[in-house]
Amino acid sequence: MTVRIVTDTSSGLPQHIIDELNIAVVDLHILGDEEERSTSGLTSLELAATYARQLERGGDDGVIALHLSKELSSTWSSAVAAAAVFDDAVRVIDTGTVGMAVGAAAMAAAMVAKEGASLDECERVAEDTLRRSQTWVYLHQLDDLRKSGRLSTTTTVLSAALLATKPIMQIKGGKLELAGKTRTQTKAFTKLVELVMEHANNQPAFVAVQHADAEESADLLEDMLNEVLPKGSTVLVTELNDVLFVHTGPGAVGISGVFAEDPVENPAK
């Protein structure tokens, strides 16, 4: 038996990876109709049932739970409450992020779990992956994020001034902060590639590009990254999950990178 890995749909993992690594993915809730959609976090009862099933399948070897940032959803607090039922057999990691940065941590933990790693070892691998990750999001507009309350206070105050720009956001402290603003998509993508390269520091990196009804844009960004990333790097393109789409709106493109070294303190401006 092996340690089991649990995440939620905000991680954005493609189905073929979920199947290959036997990762359990719990659906976050989408409420309302197409006109007025919102999202809702998972309850402790839902998560406790999921953890119990995974413990049974893994022969009680343990569960690593990786959910979106506690600053963005109530899911993390529900997960902590659910895990308490199982003593130390369920480890809930405070990811501080969202999207494929969480997905990459789940992948890394699942890979070492398949090799027979212990619960402690799987936890360390997941935490190390998260520490070396960064996530940025290119947006066509801020309306959906502003309505959802997922922006930091500073960015919310600035949002009116950003309406005519193509903002680049970054996950910092679990929330979305303004990382830069440009006038065109071309300049925004150039900026994103610069940020990735600064953090890669001439070493191979894993980079996931997620898009919201923006396949051509994602393919363009993939080509740009493949041209400049060091040999041995991997670029994965996947669709932005519906749960995140609700908050970003169409046209958004997210980049999550896992780098060889810890985050750069002063990335390129």
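Higher on the page you've got the structure.
Below, the structure is looked at part by part. Since the structure is predicted, the reported quantities are computational estimates derived from the model, not experimental observations.

Some details on the packing of helix H8 (residues 185-200) against helix H9 (residues 215-228)
Packing of H8 against H9 brings their axes to within 10 Å, and their N-to-C directions diverge by 40 degrees. Classified by the angle between their axes, H8 and H9 sit oblique to one another. You can see that H8 and H9 cross each other, and the crossing is right-handed. Between H8 and H9, the contacting residues are Gln-185, Phe-189, Thr-190, Leu-192, Val-193, Val-196 and Met-197 on the first element and Ser-217, Leu-220, Leu-221, Met-224, Leu-225 and Val-228 on the second. Classifying every residue of the contact of H8 with H9 by side-chain character gives 10 nonpolar, three polar and no charged.

Description of H9
Compared with an ideal rise of 1.5 Å per residue, which puts 14 residues at 20 Å, H9 spans 20 Å between its outermost C-alpha atoms and is within 8% of the ideal. The set of residues buried in H9 consists of Ser-217, Ala-218, Leu-221 and Leu-225. Burial along H9 is one-sided: seen end-on, the buried residues are contained in an arc of 95 degrees. Turned more than 90 degrees away from the buried face of H9, the exposed residues are Glu-215, Glu-216 and Glu-227. Looking at the buried residues of H9, the elements they touch are H8, strand S10 (206-211), strand S11 (234-239) and strand S12 (253-258).

Reading the values: the criteria
- Residues numbered from 1 in each chain as written.
- Predicted model: local features only at pLDDT ≥ 70, side-chain atom pairs only at ≥ 80, totals over all residues.
- Heavy atoms only, no water.
- Axes fitted to C-alpha atoms, helices over the stretch in contact; angles between N-to-C directions.
- Helix = DSSP H or I, 4+ residues; strand = E, 2+ residues; numbered from the N terminus.
- Parallel < 35°, antiparallel > 145°, perpendicular 65-115°, else oblique.
- Left-handed = near helix turned anticlockwise from the far one by under 90°.
- Contact = heavy atoms within 4.5 Å.
- Nonpolar A, V, L, I, M, F, W, Y, C, P; charged D, E, K, R; others polar.
- Expected span 1.5 Å × (residues − 1).
- Buried < 20%, exposed > 50% of the residue type's maximum accessible area, 1.4 Å probe, protein only.
- Arc of directions from axis to C-beta.

Functional significance is not addressed by these values, which are geometric in nature.
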